[in-house]
Amino acid sequence: MVIAEAGLALRAGELVAFPTETVYGLGADAFNERAVRRVFEVKGRPPDNPVIVHVASVDEVLAVARPDPAGRWESLARRFWPGPLTLVLPGRPEVPAATTAGLDTVAVRMPRHEVALALIRAAGRPVAAPSANRSGRPSPSRAEHVLQDLGGLIGWVLDGGPCEVGVESTVLDLTADVPLVLRPGGLTLEALREALGQVALSAGPGGPPRSPGLKYRHYAPQAPTVMLVGSPRAVAACIGRCLRERAGSGRRLGLLITEETLQMLVATGEPLDGAEVFCSGSRRRVESVASRLFEGLRQLDAGAPELILAEGVDEADLGLAINNRLQKAAGGRVWRCAEPP
Ligand code: TXA
Ligand code: MG
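Residues numbered from 1 in each chain as written. Chains lettered and ligands numbered in written order. Predicted model: local features only at pLDDT ≥ 70, side-chain atom pairs only at ≥ 80, totals over all residues. Heavy atoms only, no water.

1. Topic: the nonpolar core
The biggest cluster of nonpolar side chains holds 64 residues, and the ones touching the most others in it are L26, W81, L85, L87, L172 and L192. Counting residues per element, this core draws most heavily on helix 5 (residues 114-123), which supplies six residues. (Core = buried A, V, L, I, M, F, W, Y, C linked by side-chain atoms within 4.5 Å. Buried < 20%, exposed > 50% of the residue type's maximum accessible area, 1.4 Å probe, protein only. Helix = DSSP H or I, 4+ residues; strand = E, 2+ residues; numbered from the N terminus.)

2. Here we look at the pattern of salt bridges
Here the idea is simple: oppositely charged side chains can pair when their charged atoms come close. Scanning all chains against the criterion turns up 21 salt bridges. A salt bridge links R246 to E245; its shortest N-O distance comes to 3.6 Å. Since its relative accessible area comes to 57%, E245 is described here as exposed. Here E306 ties to R251 by a salt bridge, and the two come within 3.3 Å at their closest N and O atoms. In this pair, E306 sits in the loop between helix 10 (286-302) and strand 14 (307-311) while R251 sits in the loop between helix 8 (232-246) and strand 12 (253-257), placing the two residues 55 residues apart along the sequence. Given a relative accessible area of 31%, E306 falls into the partly exposed group. Judged by relative accessible area, R251 falls into the partly exposed class, the value being 38%. (Salt bridge = Lys/Arg side-chain N within 4 Å of Asp/Glu carboxyl O.)

3. Comments concerning the packing of helix 8 against helix 9 (residues 259-267)
Interhelical geometry of helix 8 versus helix 9 gives an angle of 55 degrees and a closest axis separation of 8 Å. Compared by their axis directions, helix 8 and helix 9 come out oblique. The element helix 8 and its partner helix 9 pack so that their crossing is right-handed. Residues P232, R233, V235, A236, I239 and G240 of helix 8 pack against E260, T261, M264 and L265 of helix 9. For the contact of helix 8 with helix 9, the residue count by class is six nonpolar, two polar and two charged. (Axes fitted to C-alpha atoms, helices over the stretch in contact; angles between N-to-C directions. Parallel < 35°, antiparallel > 145°, perpendicular 65-115°, else oblique. Left-handed = near helix turned anticlockwise from the far one by under 90°. Contact = heavy atoms within 4.5 Å. Nonpolar A, V, L, I, M, F, W, Y, C, P; charged D, E, K, R; others polar.)

4. As for the sheet that holds strand 3 (residues 52-54)
One open sheet accounts for 10 strands, arranged 7-1-2-6-3-5-4-8-9-10; its pairing is mixed. The sheet terminates laterally at strand 7 (156-157) and strand 10 (200-201), the two strands that pair on one side only. In the sheet, strand 2 (residues 25-29) pairs with strand 6 (residues 127-128) via two bridges, with the strands oriented antiparallel. In the sheet register, A28 faces strand 6, and the bridge partner there is A128. Those strands touched by helix 5 are strand 1 (16-18), strand 3 and strand 6, and its axis lies near 150 degrees from that of strand 1. (Pairing = 2+ DSSP bridges.)

5. A look at the sheet that holds strand 14
Overall, parallel pairing links the five strands, which are arranged 13-12-14-11-15 in an open sheet. Both outer strands of the open sheet, strand 13 (275-279) and strand 15 (334-336), are each paired with one neighbouring strand and no more. The sheet shows a mean angle of 20 degrees between the axes of neighbouring strands, direction not considered. Taken together, the four bridges between strand 12 and strand 14 define a ladder with parallel strand orientation. Considered in strand 14, the bridge of G254 is made with I308. Of the strands in this sheet, strand 12, strand 13 and strand 14 are in contact with helix 10, which crosses strand 13 at around 165 degrees. Across the sheet, helix 11 (residues 319-329) lies against strand 11 (225-229), strand 12, strand 14 and strand 15, angled at about 140 degrees from strand 11, the strand it touches most.

This is the structure in structure tokens:
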């Protein structure tokens, strides 16, 4: 009963990394200020970036938060939990400032993963958990990614296999008049609009960050990264030019591309020996791309290429979250690829 033991470790103030349906989380007792501070230390996370509190039932929310003024939280929770939706609600004063970064709100979600739910139940209390990566690195979608970043720094990593969704939860602020998506994620904007009617999407860079985490560089490989936008044909043509420019130079490219673009490159006879290719999935099933996104960035980065080119997808459904993560991984460097003649 390793989960029961891990639950006891959480109660004793230790940190436990665990799988969720989105990415792996680095858990601490949400009410234990020292344990939560240790999470920030281990991740190298700026202290003004609050963490999400994970619960194992809808009712447990009221231990850390109060209902939103318009009373939308409960129907959303009953409809979409367990699942990749985080609700920002007015916080309870008992939640330590380390967890909320001193804000008067609390972000809370119920993850859709047996191991996560069993762990929270075993701990018998809400679990504060950011993604279990070093701050700024791509999030971990497998237990080995947690070990790469935090091995040696934490006593517990529960291995639940690869995460199903692969991008983090959608963060929805319910304290605003119109519900506001602070971070697009595993639950689509389309699904939220169907449930709520009006939903606003946070402007991203520019205005003051509503979600403190949004102002930091994120998801970034060590290699310089550029996001490519365009049809598979346009993206393939752009990659072809980059490969030809480097031919014979020994400078290698990392390519995070879809099946459609890979087929296009192969069909045009582009020699791919100057590149390492990671096929993210199909544009026709963006869930496949989401689930392999962070793994692809990590794997390509491990080969220390001169440059990583990462292909974006259409912005419908999970495409919004995928492109958001790629844009951040690229530090905002986006090439719009022209359609070849
Ligand atoms: O899927 C997920 O959400 C994963 C798994 C482990 O649950 N967790 C995750 O946590 O992605 P993290 O810490 O990497 O991202 C949490 C995001 C940050 O952008 C943070 O600023 C925002 O949620 N956040 C947390 N509390 C908030 C609050 N009270 N108000 C606004 N934003 C908040
Ligand atoms: Mg994170």
